[in-house]
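Inside the fold
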Amino acid sequence: MNENGVCLKWNWIKAPDLNQEIMDKASCEQILLDHNLSNGSDKWLWLGGNEDGFAVKDLRRIIDKELLICDNEIFKWSKWMLKKVNFLAWRAGMDRLPTKEALIKRNVGVSSLTCDLCGHDSESADHLFVKCSYALTIWRLSKWCKMDIGLGDGIREVLMFKKMAKGSQMFKNIGQSLIFTTIWAIWKARNDRIFNNIRKDPSDVIGEIKVLSFLWIINRAKLNLVEWKDWCNFDISL
Ligand SMILES: [Zn+2]
């Protein structure tokens, strides 16, 4: 109970018992007890911008500032990729995708931890996108685009491509866009396997990546003169 006479009473389905849960509960209580609660009705208040109210660009700025840049600058938005593709790559890098290991950590029951794409090892973001034999076969597309995509130990290293790569800005942007498209395609192949019982051959996924990246990159990158056959041979000037 605080000095305002507010008393918190929890109604748990599962009481916190892990250290992290207990710490989260304590910080949550502190936030609640530090505020004056009134009998008025609740309302949403946007504090991220000016008085005009909520704006997506303000939210984007906050995410960039608070989450992405602070996170060792591993993640850069790709201006050539769709928002949903950027967002998926960001979630993968922050380990915020509902992989089986992530679900277990959130106390969500899963029948098996095993990766459905390879049938070995447990499914984490690092495994699914980088260490999985299925994903490794797909990453061979780096030979097609003649780029040295360092897979290293996990997804975060892959996302550092733009920061670490040597070459023109065009080269870095195309490489980053291809990486995001690949992450998108692997996640889609994984979901097709789990939810639709569709087994995609890695070579088909590589073909899909070439088509999607062509559609997504070419117009936005002002590479209008690049034709499909040139893209297939990755015969473009960088
Ligand atoms: Zn696997």
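What counts, and at which threshold
- Residues numbered from 1 in each chain as written.
- Predicted model: local features only at pLDDT ≥ 70, side-chain atom pairs only at ≥ 80, totals over all residues.
- Domains from an automatic or database assignment.
- Buried ≥ 20, exposed ≤ 12 C-beta atoms within 10 Å, placed from the backbone.
- Helix = DSSP H or I, 4+ residues; strand = E, 2+ residues; numbered from the N terminus.
- Arc of directions from axis to C-beta.
- Contact = placed C-beta atoms within 7 Å.
- Axes fitted to C-alpha atoms, helices over the stretch in contact; angles between N-to-C directions.
- Parallel < 35°, antiparallel > 145°, perpendicular 65-115°, else oblique.

Domain boundaries assigned for the chain yield domain 1 (46–75) and domain 2 (77–232). For domain 1 versus domain 2, the distance between C-alpha centres works out to 25 Å.

Turning next to helix α3 (residues 83–93). All of the buried residues in α3 are V85, A89, W90, A92 and G93. The buried side chains of α3 occupy one side of the element, clustering within an arc of 160° when seen end-on. Away from its buried face by more than 90 degrees, α3 exposes K83 and K84. Tucked inside the fold, the buried residues of α3 contact α5 (125–131), α8 (155–159) and α10 (169–195). Phi for D95, located one or two positions after α3, is positive at around 55°.

α10 packs onto α3 with a crossing angle of 80° between their chain directions and a minimal axis gap of 9 Å. Classified by the interaxial angle, the pair formed by α3 and α10 is roughly perpendicular. Contact residues: V85, N86, L88, A89 and A92 in α3; F180, T181, I183, W184 and W187 in α10.

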